[in-house]
Amino acid sequence: VALRSALQVEFVDVETNRLLGGPIVSIGAPPTFAPDGALVALTGFAGTLILSAPSFEVVAAVPPREPGDLAIDFAWSPDGRHLALTSARGQTRVVNTSTGAAAGADLTFEPHSQLRWSADGSQIAVISPNDASRIVDATTGATLRWLPSVRGPIELAGWATADQRLV
């Protein structure tokens, strides 16, 4: 399990109740594990790091597009091979988790958007804090459909298991 406080993350083995390694500086998006738990993504001052678990060795690094533009949300593809990330300035990209290289179109959405990958890996829901939420093709970034406006800020969003509904 990853525990974040202030500007650092610590990892705990829940079976032995021991800390794994030392604290890691983390800002922006909270640490997020790949679906199989083998990788973890976190944001630091130098960009997004993809680490192996439980060794926490760096597998890939994704620098920010511009200084100070921190990743604020991550979405893992169902197979864990890709990571979609969006920044505080609304810049979104999909990267290969073994290299950190771009794996699809670079997109610009509303700042502070949330990303949610569909279970079949074909679509990403981009939940915007205003009326610009949409479903995009995970490969091309093309908008497949716009979502209706919802009153107030959206705190959490997710796909229903059959990928036919976004809740």
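In the block above lies the structure referred to throughout.
Residues numbered from 1 in each chain as written. Predicted model: local features only at pLDDT ≥ 70, side-chain atom pairs only at ≥ 80, totals over all residues. Heavy atoms only, no water.

Chemist: What is the right way to look at the side chain of aspartate 73 in this model?
Modeler: Relative to the assigned elements, aspartate 73 resides in strand S8 (residues 71-76). Assessed through its relative accessible area of 14%, aspartate 73 is described here as buried. At a separation of 2.6 Å, a polar atom in the side chain of aspartate 73 contacts the main-chain amide nitrogen of leucine 115. Looking at aspartate 73, its side chain comes within polar contact range of the side chain of arginine 116, at 3.0 Å. (Helix = DSSP H or I, 4+ residues; strand = E, 2+ residues; numbered from the N terminus. Buried < 20%, exposed > 50% of the residue type's maximum accessible area, 1.4 Å probe, protein only. Polar contact = N/O pair within 3.5 Å; in protein donor to acceptor, adjacent residues only side chain to side chain.)

Chemist: Mind showing me how you'd approach the sheet that holds strand S9 (residues 82-87) here?
Modeler: Spatially, four strands are ordered S8-S9-S10-S11 in an open sheet, and the strand pairing comes out antiparallel. Looking along the sheet, the strands with just one partner apiece sit at the ends: S8 and strand S11 (107-108). Across two bridges, strand S10 (residues 91-96) lies against S11 in antiparallel orientation. By the bridge assignment, glutamine 91 is partnered in S11 with threonine 108. (Pairing = 2+ DSSP bridges.)

Chemist: What's the story with the sheet that holds strand S6 (residues 47-52) in this structure? I'm lost.
Modeler: Within a beta sheet, neighbouring strands are joined by backbone hydrogen bonds and run either parallel or antiparallel to one another. Taking strand neighbours across the sheet as the criterion, the four strands line up as S4-S5-S6-S7 in an open arrangement whose pairing is antiparallel. With one partner strand each, in any of the chains shown, strand S4 (32-33) and strand S7 (58-62) form the two edges of the open sheet. As paired strands, S4 and strand S5 (residues 39-44) are joined by two bridges and run antiparallel to one another. If you follow phenylalanine 33 over to S5, its bridge partner there is valine 40.

Chemist: Quick question: what am I supposed to make of the pairing of strand S12 (residues 114-117) here?
Modeler: For a regular strand, side chains alternate in direction, first toward one face of the sheet and then toward the other. Burial along S12 is two-sided: the face carrying Gln114 and Arg116 and the face carrying Leu115 and Trp117 are both buried. Relative to strand S13 (residues 123-127), S12 runs antiparallel, the two sharing four bridges. Bridging across to S13, arginine 116 finds its partner in alanine 125. Taking the residues between adjacent antiparallel strands as the criterion, S12 and S13 are bridged by five residues, where glycine 121 takes a positive phi near 80°.

Chemist: Can you help me understand unusual backbone geometry in this one?
Modeler: In most cases, non-glycine residues show a negative phi, while peptide bonds are predominantly trans. At the junction of alanine 53 and proline 54, the peptide bond is cis and its omega measures out at 10° in the coordinates. Inspection of the secondary structure assignment puts proline 54 in the loop between S6 and S7. Of note in this structure, asparagine 17 is not a glycine but carries a positive phi near 65°. Even without a glycine there, the phi angle at phenylalanine 56 is positive, about 60°.

Chemist: I would appreciate a short explanation of the nonpolar core in the present structure.
Modeler: Within soluble globular proteins, side chains that are nonpolar generally end up buried alongside one another. One finds Ile50, Phe74, Trp76, Leu83 and Leu85 to be the most contacted residues of the largest nonpolar core, which totals 13 residues. Of all elements in the fold, only S5, S7, S8 and S9 reach the threshold of two or more residues within this core. Among the elements that make up this core, the one with the highest residue count is S8 (three residues). Residues contacting leucine 85, with those up to four places away along its chain left out, are Thr48, Ala71, Asp73, Phe74, Gln91, Thr92, Arg93, Val95 and Leu115. (Core = buried A, V, L, I, M, F, W, Y, C linked by side-chain atoms within 4.5 Å. Contact = heavy atoms within 4.5 Å.)

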